[in-house]
Amino acid sequence: MSVEEFDVVVAGGGPGGSTVATLVAMQGHRVLLLEKEVFPRYQIGESLLPSTVHGVCKMLGVTEELAAANFPVKRGGTFRWGARPDPWTFSFSVSPRITGPKAFAYQVERAKFDHILLKNAKSKGVDVREGCTVTDVLEDSERITGVRYTDPDGNQREVSATFVIDASGNKSRLYSKVGGARDYSEFFRSLALFGYFEGGKRLPAPYSGNILSVAFDSGWFWYIPLSDTLTSVGAVVRREDAEKIQGDREKALNALIAECPLISEYLADATRVTSGNYGELRVRKDYSYQQSSYWRPGMILVGDAACFVDPVFSSGVHLATYSAMLAARSINSVLDGDMDEKTALTEFEARYRREYGVYYEFLVAFYEMNVNEQSYFWQAKKVTKDIEHTEVESFVDLVGGLSSGEAALAAKTRIAEHSAEFAAAVDQMAGGDDASMVPLFKSHVVRQVMQEGGQEQMRAILGEDAEPELPLFPGGLVTSPDGMKWLPHRPV
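Residues numbered from 1 in each chain as written. Predicted model: local features only at pLDDT ≥ 70, side-chain atom pairs only at ≥ 80, totals over all residues. Heavy atoms only, no water.

S.K.: How do you make sense of the nonpolar core when you look at a structure like this?
M.R.: A general tendency of soluble globular proteins is for nonpolar side chains to be buried together. The biggest cluster of nonpolar side chains holds 114 residues, and the ones touching the most others in it are Val10, Val20, Trp81, Phe113, Trp222, Ile300 and Phe348. The element contributing the most residues to this core is helix α8 (residues 341-368), with 13 residues. Not counting chain neighbours up to four residues away, the residues in contact with valine 10 comprise Gly17, Val20, Ala21, Val31, Leu32, Leu33, Leu34, Ile165 and Ala167. Leu212, Phe221, Tyr223 and Ala235 belong to the second largest nonpolar core, which has 26 residues in total. (Core = buried A, V, L, I, M, F, W, Y, C linked by side-chain atoms within 4.5 Å. Buried < 20%, exposed > 50% of the residue type's maximum accessible area, 1.4 Å probe, protein only. Helix = DSSP H or I, 4+ residues; strand = E, 2+ residues; numbered from the N terminus. Contact = heavy atoms within 4.5 Å.)

Written out as structure tokens, the structure reads:
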């Protein structure tokens, strides 16, 4: 069997795979991307964040194409969540990190969005092969040296590469090759039942493109406008309540909608789509997890192959493209001889774990807000009620500490304080004007979540005119002015 040679081979053509492949190819390296399906194809995860649109996508060179696609504009988020009975809205424009005309994202049909990114990868020099399934990796002692895959004709082929990227998502069969184990969160283990509707109600302008997230006794709903008439609707319930979505899925979804007055109101005149890619009612396990190792010599995990966190804040595509960008910086730095693999990939993993960790803490604070103290779903989402709760210890591990009774107690106290601060900011903001949103963006968990995304967005917009970056970690690296590599930090 002849073996082709590349600098990088990427398994998976979703946003993570397309991003890392494109950013490495743009530096002149030979990149092969293998995707098992033929695009366009269906995918869930339809709500984007500004840092993806104006940060990563600008680096990729697709912002004009995204604008021309006429995706609904998302100016923030609207929630029926917490103690207040009425929905409340936050606007991206109020954030000091996301100001001006770039204070928006898109709601996207992923078949269209992902295809834009994959076609862009081809145009930037990536060898894209669809209908090709990666079946295994090639190893030489301690290093991953390539992959084995099946082509569209069923032939077995091998490719050697300096780096293998697993961007094949939460159903990845390759992630275990980096070693370690996949650690599942006991707190965020949910099931989602979802489908698509035509003719649903829209929020009032200018927020008609917002995602609407609505808590109810059995869990929460997402309601995402994908066009003037098409809406993605999903119900998220606890794993222990799986019986609510078993059996006849049509009846199950209708019963959950009936439990939630606001979603019932928005779907009162709507009709469920029953044909085509959107005609199926689907169930997905929204189990949050992280891999104990994100890389080994010669192989890197990006996106859901490395970790996944509860989808209530639309972080899926952000984490996929952000991790892909970090991986590309590391690969470019190593292939160009600027630094060794361990130094570059230690920075990749530290930053990706941090980003996952701040979203995780943000979500814990969000779920801690009082929704319905009598509801079984929401009672089970109160992490801080038990000092010895293993989830608090897991959180301490997540952000780099060592689990102990003392550390868990400190984490419990901190999470409770941050959740109370966040809830108070929401109470102050709800029903007010834009000025009343300021405390929300000053709250600890929101500042942390927006730190890296805002930094990347400003770098993409300003380029070399952006403010000099400081390391995120003691002794860590900083980003090159063009965003394509890592540099040692040299204090002025």
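Back to the text.
S.K.: Is there a simple way to explain unusual backbone geometry in this structure?
M.R.: When glycine is set aside, most residues are seen to have a negative phi, and most peptide bonds are trans. Cis geometry is adopted by the peptide bond preceding proline 40, which originates at phenylalanine 39 and carries an omega value of 0°. Note that proline 40 resides in the loop between β2 (31-35) and α2 (50-60). Here the residue pair alanine 205 and proline 206 is connected by a cis peptide bond, since its omega of 5° sits within 30 degrees of zero. Within the secondary structure, proline 206 is located in the loop between β11 (182-198) and β12 (211-216). Even without a glycine there, the phi angle at asparagine 70 is positive, about 60°. Note on asparagine 70: relative accessible area 68%, which makes it exposed. One non-glycine residue with positive phi stands out, namely serine 141, at about 60°.

S.K.: Sorry if this is basic, but what is going on with the pairing of strand β1 (residues 3-11) here?
M.R.: Both faces of the sheet carry side chains from a regular strand, because those side chains alternate between them. Bridge count for β1 against strand β10 (residues 156-166) is eight bridges, and the pairing is parallel. Across the sheet, residue valine 3 finds its bridge partner in β10, namely glutamate 158. With helix α1 (residues 15-25) bridging β1 and its parallel neighbour β2, the resulting β-α-β unit is right-handed. (Pairing = 2+ DSSP bridges. Right-handed = clockwise from strand over helix to strand, strands pointing away.)

S.K.: Where do I start with the environment of leucine 174 in this structure?
M.R.: With respect to the element layout, leucine 174 can be found in the loop between β10 and β11. Once the C-alpha coordinates of leucine 174 and threonine 135 are considered, the two residues, 39 residues apart in sequence, prove to be 8.0 Å apart. In contact with leucine 174, not counting residues within four places along its chain, are Ala11, Val134, Thr135, Asp136, Val137, Asp166 and Met299.

S.K.: For this particular structure, what's the right way to read the packing of aromatic side chains?
M.R.: To describe a pair of aromatic rings, you give the distance between the ring centres and the angle between the ring planes. In total, this model carries 20 aromatic pairs according to the counting rule given. One aromatic cluster is present, formed by Phe79, Trp88, Phe90 and Phe92 through successive ring pairs. Above the face of the tyrosine 289 ring, arginine 182 is positioned so that its terminal group lies 4.1 Å from the ring centre. Its end group placed over the ring of phenylalanine 308, arginine 284 keeps NZ or CZ at 4.9 Å from the ring centre. (Phe/Tyr/Trp six-rings, centres within 6.5 Å; stacked < 30°, edge-to-face > 60°. Lys NZ or Arg CZ within 6 Å of the ring centre and 35° of its normal.)

S.K.: Help me out: how do you make sense of the confidence of the model for the chain in this one?
M.R.: Reading predicted coordinates in detail is not appropriate for stretches of low pLDDT. Of the residues in the chain, 80% reach a pLDDT of 70 or more, and the chain-wide mean stands at 85. Note on residues 386-409: pLDDT is under 50 here. Beyond four places in sequence and across chains, it has 36 contacts. (pLDDT = per-residue confidence, 0-100.)

S.K.: Explain helix α5 (residues 249-259) here, please?
M.R.: Helical periodicity: at 3.6 residues per turn, an α-helix aligns residues three or four positions apart in one direction. When we look at burial in α5, the residues that qualify are Ala252, Leu253, Leu256 and Ile257. The buried residues of α5 occupy an angular sector of 135° when projected down its axis, which confines them to one face. Facing away from the buried side of α5 by over 90 degrees, the exposed positions are Lys251 and Ala258. Looking at the packing, one finds that the buried side of α5 touches β11, β12, β13 (219-225), β14 (230-238) and α6 (261-266). Of the residues that open α5, the one with a side-chain oxygen 2.9 Å from the backbone nitrogen of glutamate 250 is aspartate 248. (Arc of directions from axis to C-beta. Polar contact = N/O pair within 3.5 Å; in protein donor to acceptor, adjacent residues only side chain to side chain.)

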